[in-house]
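One letter stands for each residue in the lines below.
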Amino acid sequence: ANAGGETLNWSASVISGDDWLSITSGSNGVNAGTIDAVFEENTSGSQRVGTIRVTATGALNSPKDVTVTQAVAAAQASIAVTDPNGGEKLVRGKKTTIKWTSQGDVGATVSIDLIKNGQVELNIKSAAQNTGSVKWKVPNSLKGKGYRIRITSTTNGVVTDQSDGTFKFVKE
């Protein structure tokens, strides 16, 4: 056995998790060394565990296994407007419900805007609770067609969505 005063040759290999874990450099060496490993994003839906084994022939306690635990990847933040999403007729002076879905870290509040021709016509709510719906009384002043709802995270402005199609306002 190598008592520490001799040259120590070692090698490293992935013995479990090789479908997502790999060694990019340092798979073998002499005496001290560094092992570089990479892994793919974990979209499996659950934590996964892999093992890298370091073997040094003649060394005490060889081989030595190193456990690599990888958490599930965080969901990408997203918002999707679901209602009104195009083709609806909203009645002026009446309440309607604006609905959306969100996933990932969108934040506690969202901004809701009425859009016409790509421009903000009206800010409906600047900090609505991100609950998936909000009631809104349609102002009597809104008329015509070509409108969309845009919902945006108040903490991350790139997380946004708008109605897929346009809707219009009608009188009762």
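Placed above this text is the structure.
Summarised in this report is the structure supplied together with it. (Residues numbered from 1 in each chain as written. Predicted model: local features only at pLDDT ≥ 70, side-chain atom pairs only at ≥ 80, totals over all residues. Heavy atoms only, no water.)

**Digging into the overall build of the protein**
Then, in step 1: Helix and strand counts for the protein stand at 0 helices and 15 strands.
Then, in step 2: Taken along the three principal axes of its C-alpha coordinates, the protein extends 90 × 25 × 25 Å.
Then, in step 3: Across the 172 residues of the protein, 29% fall into the buried class.
Then, in step 4: Averaging the positions of the 18 positive and the 15 negative side-chain charges in the protein gives two centres separated by 22 Å. (Helix = DSSP H or I, 4+ residues; strand = E, 2+ residues; numbered from the N terminus. Buried < 20%, exposed > 50% of the residue type's maximum accessible area, 1.4 Å probe, protein only. Lys, Arg positive; Asp, Glu negative; His and termini not counted. Charge placed at Lys NZ, Arg CZ, Asp CG, Glu CD.)

**Some thoughts on the pairing of strand 1 (residues 9–16)**
Then, in step 1: Here strand 1 runs beside strand 3 (residues 28–30); their pairing, made up of 3 bridges, is antiparallel. When the bridges of strand 3 are listed, N9 appears paired with V30.
Then, in step 2: Where strand 1 lies against strand 5 (residues 48–55), 5 bridges are found, and the strand directions are antiparallel. What sits directly across from V14, in strand 5, is I52. (Pairing = 2+ DSSP bridges.)

**Examining the sheet that holds strand 12 (residues 133–137)**
Sheet strands pair via backbone hydrogen bonds, and the direction of the pair is either parallel or antiparallel.
Then, in step 1: In space, the 3 strands of this open sheet follow the order 7-9-12, with antiparallel pairing throughout. Looking at which strands have only one partner, the edges of the open sheet turn out to be strand 7 (78–83) and strand 12. Sheet twist, expressed as the mean angle between neighbouring strand axes with direction ignored, is 25°.
Then, in step 2: Of the strand pairs in this sheet, strand 9 (residues 95–103) and strand 12 are connected by 5 bridges, and their pairing is antiparallel. Its bridge partner being in strand 12, K95 is matched across the sheet by K137. (Axes fitted to C-alpha atoms, helices over the stretch in contact; angles between N-to-C directions.)

Any functional reading would require information that these geometric values do not contain.
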